[in-house]
Amino acid sequence: MSANKKTIIVFSGDLDKAMASFIIANGAAAMGNEVSMFFTFWGLNILKKPESIKLKKSFLETLFGWIMPRGAEKLGLSKMNFGGMGAFMMKTIMRKKNVSTLNELIATAREMGVKMIACTMAMDVMGIKEEELIDGLEYGGVISYLGEADEANVNLFI
Amino acid sequence: MAEIKINARGLQCPGPIVQLFKEAKTCACGDILCIEVTDHGFKKDIASWCKKTNNILLSLDEENGVVKARIKKA
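Let me begin by describing the structure that accompanies this report.

Scoring rules and cut-offs
Residues numbered from 1 in each chain as written. Chains lettered and ligands numbered in written order. Predicted model: local features only at pLDDT ≥ 70, side-chain atom pairs only at ≥ 80, totals over all residues. Heavy atoms only, no water. Helix = DSSP H or I, 4+ residues; strand = E, 2+ residues; numbered from the N terminus. Expected span 1.5 Å × (residues − 1). Phe/Tyr/Trp six-rings, centres within 6.5 Å; stacked < 30°, edge-to-face > 60°. Buried < 20%, exposed > 50% of the residue type's maximum accessible area, 1.4 Å probe, protein only. Salt bridge = Lys/Arg side-chain N within 4 Å of Asp/Glu carboxyl O. Contact = heavy atoms within 4.5 Å.

### Structural notes on helix H3 (residues 85–96) of chain A
Link 1 in the chain: With twelve residues, H3 of chain A should reach 16 Å at 1.5 Å per residue; the first-to-last C-alpha distance of 17 Å fits that figure.
Link 2 in the chain: Two residues or fewer after H3 of chain A comes Asn98 of chain A, characterised by a positive phi angle close to 65 degrees.

Shown next, in the form of structure tokens:
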């Protein structure tokens, strides 16, 4: 076990929870920790590229793609979202208070060498293809996460 | 021994610590890092950061809502 390693499972695709995940990850990296973030289920939506990418998909996969938010800019709040109004208000307040946006937090995480792993099983289930996700990710399954978690002294599920 | 000034005013958590970490990575042992921050959590955070990263917190003051810390890179 290394006291200098932290892992976070990002299961949620809510804006507030995604921000919390990246703030913790960036803070840990700034304390000299090796950080791995494992994105699964709704959390994968955070990593989507904002643009629409034409790919061959089944009917259900296409449907899923329509329903789910495409990228960090499109996420809603876990509470009081009110069809996006809540998220808009939150982003406005955060900008006023000079809190980094989710995209800025993601950029900092990459700059700090935070490892981001996308769960391939969840991608398969939800019909998300590698081409739709931002660059610089690693792809793996639960064993990749457990392998990392075994060496870490903090493991979070968000 | 160099003295490096960091202006992290206006940055929210963990922005100031991230800035500090980046600067600390590039400077030499014994260098002094002087950081100015407006995020109040920083006052507590900086002590933990110094402890974890084995750097030395020389001083911590607050003036008109600005927290000033001097850290020696170990």
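### A short note on the packing of aromatic side chains
Residue and element names in this part refer to chain A.
Link 1 in the chain: Counting across every chain of the model gives four aromatic pairs over all chains.
Link 2 in the chain: Ring plane angle 40 degrees and centroid distance 5.7 Å describe the contact between Phe38 and Tyr145, whose orientation is recorded as tilted. In this pair, Phe38 sits in strand E2 (residues 34–39) while Tyr145 sits in helix H6 (residues 142–151), placing the two residues 107 residues apart along the sequence.
Link 3 in the chain: Taking the relative accessible area as the measure of exposure, Phe38 reaches 6% and is therefore buried.
Link 4 in the chain: An aromatic cluster of three or more residues is present, and its members are Phe11, Phe41 and Phe157.

### Let's talk about the pattern of salt bridges
Link 1 in the chain: Under the defined criterion, the tally for this structure stands at 13 salt bridges over all chains.
Link 2 in the chain: A salt bridge links Glu73 of chain A to Lys91 of chain A, with the shortest nitrogen-to-oxygen separation between them at 4.0 Å. Of this pair, Glu73 of chain A sits in the loop between helix H2 (59–67) and H3 while Lys91 of chain A sits in helix H3, and the two are 18 residues apart along the sequence.
Link 3 in the chain: With a shortest N-O distance of 2.8 Å, Lys22 of chain B and Glu111 of chain A are connected by a salt bridge. With Lys22 of chain B in helix H1 (residues 15–26) and Glu111 of chain A in helix H4 (residues 102–111), this residue pair bridges two chains.

### Considering H1 of chain B
Link 1 in the chain: An ideal rise of 1.5 Å per residue puts 16 Å on twelve residues; H1 of chain B measures up with 17 Å between its terminal C-alpha atoms.
Link 2 in the chain: Every buried residue of H1 of chain B is accounted for by Gly15, Pro16, Ile17, Val18, Leu20, Phe21 and Ala24 of chain B.
Link 3 in the chain: Where H1 of chain B is buried, its residues contact helix H1 (15–30) and H4 of chain A together with strand E1 (3–8), strand E2 (32–37), helix H2 (42–53) and strand E4 (66–72) of chain B.

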